[in-house]
Amino acid sequence: MRRKIIKFEHIKKFIIILIVLIISGYMIFKYIYNIKEESDIVVAKSLNSQMNQSNTYISKYLDRKIKILDNIGKLLKDKKFKSIEELRTYTSVLTDGNEFQYISMIDSKGYLWMPDNKKIDVRDKEYYVGALMGRVVISSVVDEIKVDYDAISICVPIYDGDKVVGAMFAISDAKDLQKELTTNFNNNLGFCYIIDNKGYVVFRAENQYTDNEFINFYHYMAYNDVNLGNYVENIRTNVAAHNSGVINISNSSGNGYLGYDSISENSNWAIVSYISNDKILEYGKNVSIKSVQMITFIGAMLLFIFAYILKEEIHKKKETEKVYSIDSLTKINNIIGFSLASKKILKKYPHNSYIMILFDIQKFRYINHIYGYSYGDKILISIAKALNKKFNKEQTCARINADNFMILAKYYDEFPKDFEKLLLEVLSVDKKNILSNYKIGFYIIDNKKELIKLMIDKVSYAWKYIKNNPNKNVSFYTEILMNEIMEEEILESDMKKALINNEFQVYMQPKIDLKKGEICGAEALARWISPKMGFMFPDKFIPLFEKNGFIVELDFFILEVMLKKMKALTYDGINNFTVSVNQSRATICDPMYISRLTELINKYEVSPSLIELEVTESIFTVNCDDILKVIAIAKGMGFKISMDDFGSGYSSLNLLKEMPINELKLDRIFLNETSTSTRSKLIIKNIIEMAKALEIEVVCEGVETLEQVDFLKEIHCDMAQGYYFGKPMPMEQFEKILKDQTFSNN
Ligand code: C2E
Ligand code: CA
Ligand code: CA
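Criteria and cut-off values
- Residues numbered from 1 in each chain as written.
- Chains lettered and ligands numbered in written order.
- Predicted model: local features only at pLDDT ≥ 70, side-chain atom pairs only at ≥ 80, totals over all residues.
- Heavy atoms only, no water.
- Donors = N, O, S within 2.8 Å, 3.2 Å for Na, K, Ca; no water.
- Helix = DSSP H or I, 4+ residues; strand = E, 2+ residues; numbered from the N terminus.
- Axes fitted to C-alpha atoms, helices over the stretch in contact; angles between N-to-C directions.
- Parallel < 35°, antiparallel > 145°, perpendicular 65-115°, else oblique.
- Contact = heavy atoms within 4.5 Å.
- Nonpolar A, V, L, I, M, F, W, Y, C, P; charged D, E, K, R; others polar.
- Buried < 20%, exposed > 50% of the residue type's maximum accessible area, 1.4 Å probe, protein only.
- Pairing = 2+ DSSP bridges.
- Phe/Tyr/Trp six-rings, centres within 6.5 Å; stacked < 30°, edge-to-face > 60°.
- Near = heavy atom within 4 Å.
- Polar contact = N/O pair within 3.5 Å; in protein donor to acceptor, adjacent residues only side chain to side chain.

What exactly am I supposed to notice about the coordination of the calcium ion (ligand 2) here?
Six octahedral donors around a metal ideally subtend angles of 90 or 180 degrees, whereas four tetrahedral donors ideally subtend 109.5 degrees. Within the protein, the atoms that donate to the calcium ion (ligand 2) are Glu523 (OE), Asn582 (OD1), Glu614 (OE) and Asp644 (OD), at distances of 2.0 to 2.3 Å. Spacing between the donor residues of the calcium ion (ligand 2) along the chain follows E-x58-N-x31-E-x29-D. Here the calcium ion (ligand 2) and the calcium ion (ligand 3) are spaced 4.0 Å apart, with aspartate 644 acting as a shared donor. You can see glutamate 523 sitting in strand S18 (residues 518-530) and its partner asparagine 582 sitting in strand S20 (residues 578-583), a full 59 residues away along the chain.

Below, the structure written as structure tokens:
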């Protein structure tokens, strides 16, 4: 039971830890999932803000350049330069030379002054057309002027009053813008380009994922993926309308956010920037891996703690087991320790044969009473020591309680005999020589897989079986013995109910007056007719009832039945008849015996002289005094007293003189011998003579033959009882015979 509870406790703990692990796993999963969702929002937001920042910077940058160019234009309006050199020198003074890498002018005729002093016609160029219309035109670098770096060109109209009279044209290194863009867009998770209204890349942020190969962003998108191509129109329209936005795009190469925004009204430019979601996922994955590591760690910690607690508990259990399984006096096993050890041994050595032994020492109580408990303890300790010395390896022994010891020993044919010898030797530690008698129960184990509890029960049955038998010291467990004990247990559990349910019946055996040849009495004999066990003779239940004390109740029951019957018979006019009821030693020794007798007599108003109390001979030999007194009182009340089974024990004829008896019942053992021995005939003859002298009547039991009847008549025996005259019979049958005899006499 304890073991089961502990096991359950462990399972409970394990389940709790498992639940904790599952919950924390779920929470971490949820956390990662949230991170991913939140990161999406964060990405979109940061993309927007990056674009805004870049946009502001670029716009300001361009505005400044435009303003400078515009101012120069205003100053140049009325001046006439002979050469580009002249113009250059003039402008460099105005711009300190760093603002533009190249600065020139488009005159009123539409000619751009080239570095080599040539003038080229740019009248149909977009920037010039734009300038003529009063617009500032910014574009990626112009075909006419080759530079080997990312650059932009700015074209600003020169006014004379309301009229455009030319334009300022400058080329600026995009390095600064690029730098700004790169710094702004430094998350390395995507790309950022500045494109013009047709999609041509003006410059790009220099990030890890920047693609330097393509020149037109829209083409690039459309070329890369049909899906992406679908976004192009959307972006182009929005940018043209100076709108900004963020699109969540997904294509074969992954997911991400694409942001777009137009830059300054003058430029027709847009900023497009992209962040890959997969990159974010990669970041998330890192978080997940860390989380999984964390769960594993927590799990491992919990398991470790669990294992530790388990180990502690097992240790504690072992310790407690030790405390609970040791007998405090002798320091060898007690019954718990014995059971545990036996279980282990039987499992560990399956090839050995084993026997279980239970023994106790008769009269051990006296040792304590006479020599004191400490002497008793000393003896128990030395017995335990001797047993422990002998039965340790692959065997075990224990003190079960008081002076009861149990052993699990290796079995061989001679073992029981050897064990008895050993026990005598062990008991010789008692120098006072009281301990010479013992009772040993043996159980030779044939099925090692049997429950230990059952083995202990079996060896206990073997021992109990002889515990109260003075003639036997040793008993072996057998199935027959077990059945007998089981039967007894059934009888014992049923007996009280049986008395209430009238399962006990009285059978009558006639007693014959040998002189008259008539029935002069009868012996009432109990029968148990049980619905469960069937018809039972007294030998089946009387010894058991004598052991457990229930005989007192049965004897009074039979007596009461007979008193009732006698009352009825006297009513019917039958009064020359006595009935014998058997009275056990326990019944007579009952302190209420006399008062119960009195009560019954008063209740039924039957003369006690019609009742003969049969008391077995052996009763008079044991503890004589008190019983004799009780019997004398009963006799004084008017009951007749018969000494039953005379001759079966050791009663001496001399005792008869002192016995308060009316009748002597010769045991049938005499008749068995009479046919052969003239000597026993002589004895019977003498007993009868002696009884007569003492005015004691004599009945002879067990008369079975005519020859025996003749002999009894010859020696003037008064009465006879036996199968020759009639077997014990049911009351009705006997009553009929009795009535027939009475009424035929009259
Ligand atoms: P018991 O008192 O000696 O009773 C006589 C027994 O001898 C009866 O056995 C009876 O059936 C048997 N018997 C009688 N005539 C013959 C014969 O010719 N040959 C042989 N072989 N046997 C004969 P039963 O009825 O089985 O009773 C056995 C014992 O049970 C009785 O022995 C008595 O000691 C006890 N007993 C029976 N009823 C009671 C009772 O109510 N109270 C007590 N205390 N003991 C009872
Ligand atoms: Ca009897
Ligand atoms: Ca008898």
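Can you help me understand the coordination of the calcium ion (ligand 3) in this one?
The coordination sphere of the calcium ion (ligand 3), as far as protein atoms go, consists of Asp644 (OD), Asp645 (OD), Glu701 (OE) and Glu701 (OE), spread over 2.2 to 2.5 Å. Each donor residue of the calcium ion (ligand 3) lies on one chain, and together they are spaced D-D-x55-E.

Sorry, what's going on with the packing of helix H12 (residues 452-467) against helix H13 (residues 479-500) here?
Relative orientation and spacing of two packed helices are given, respectively, by the angle between their axes and the distance between those axes. The interhelical angle for the contact between H12 and H13, taken along N-to-C directions, is 75 degrees, at an axis separation of 10 Å. Viewed along their axes, H12 and H13 adopt a mutual orientation that is roughly perpendicular. Side by side, H12 and H13 meet where Tyr461, Ala462 and Tyr465 of the first sit next to Leu481, Met482, Glu484, Ile485 and Glu489 of the second. Of the residues in the contact of H12 with H13, the class split is six nonpolar, no polar and two charged.

Is there a simple way to explain the pairing of S20 in this structure?
For a regular strand, the rule is simple: side chains alternate between the two faces of the sheet. Along S20, five of the six residues are buried, which leaves the element largely enclosed by surrounding structure. When S18 meets S20, the two strands line up parallel, connected through four bridges. Along S20, the bridge assignment pairs glutamate 523 with serine 580. As defined by bridge partners, S20 adjoins strand S21 (residues 611-616) across five bridges and the pair is classed as parallel. Its bridge partner being in S21, valine 581 is matched across the sheet by leucine 613.

Can you help me understand the packing of aromatic side chains in this one?
This structure, assessed with the given rule, holds 26 aromatic pairs. Aromatic side chains phenylalanine 391 and phenylalanine 415 sit 6.4 Å apart centroid to centroid with 65 degrees between the ring planes, which places their arrangement in the edge-to-face category. With phenylalanine 391 in the loop between helix H10 (373-390) and strand S13 (396-401) and phenylalanine 415 in helix H11 (residues 415-427), the pair connects residues that are 24 residues apart, well separated along the chain. Judged by its relative accessible area of 4%, phenylalanine 415 is buried. Ring geometry for tyrosine 412 against phenylalanine 415: centres 5.6 Å apart, planes inclined by 85 degrees, an arrangement best described as edge-to-face.

Would you mind going over the site of ligand 1 with me for this structure?
Residues in contact with ligand 1 amount to 22 residues; listed here are only the nearest, Gln509, Glu523, Asp555, Glu704 and Tyr723. Between an oxygen atom of ligand 1 and a side-chain N or O atom of arginine 668, the distance comes to 3.1 Å. Tyrosine 723 places a polar main-chain atom, nitrogen or oxygen, 2.8 Å from an oxygen atom of ligand 1. Of all elements in the fold, only S18, helix H14 (538-548), helix H15 (551-571) and strand S22 (640-646) reach the threshold of two or more residues within the shell around ligand 1.

Could you clarify how one ought to interpret the sheet that holds strand S16 (residues 474-476) in this entry?
Sheet strands associate in pairs through backbone hydrogen bonding, adopting either a parallel or an antiparallel arrangement. Spatially, the five strands line up as an open sheet ordered S13-S14-S12-S15-S16, and their pairing is mixed. With one partner strand each, in any of the chains shown, S13 and S16 form the two edges of the open sheet. Adjacent strand axes in the sheet meet at a mean angle of 20 degrees, parallel and antiparallel pairs treated alike. Taken together, the three bridges between strand S15 (residues 438-445) and S16 define a ladder with parallel strand orientation. Bridge assignment links isoleucine 440 to a residue of S16, and that residue is valine 474. Strands in contact with helix H8 (residues 335-348) are strand S12 (354-361), S13 and strand S14 (404-410); relative to S13, the strand with the most contacts, it is inclined by about 155 degrees.

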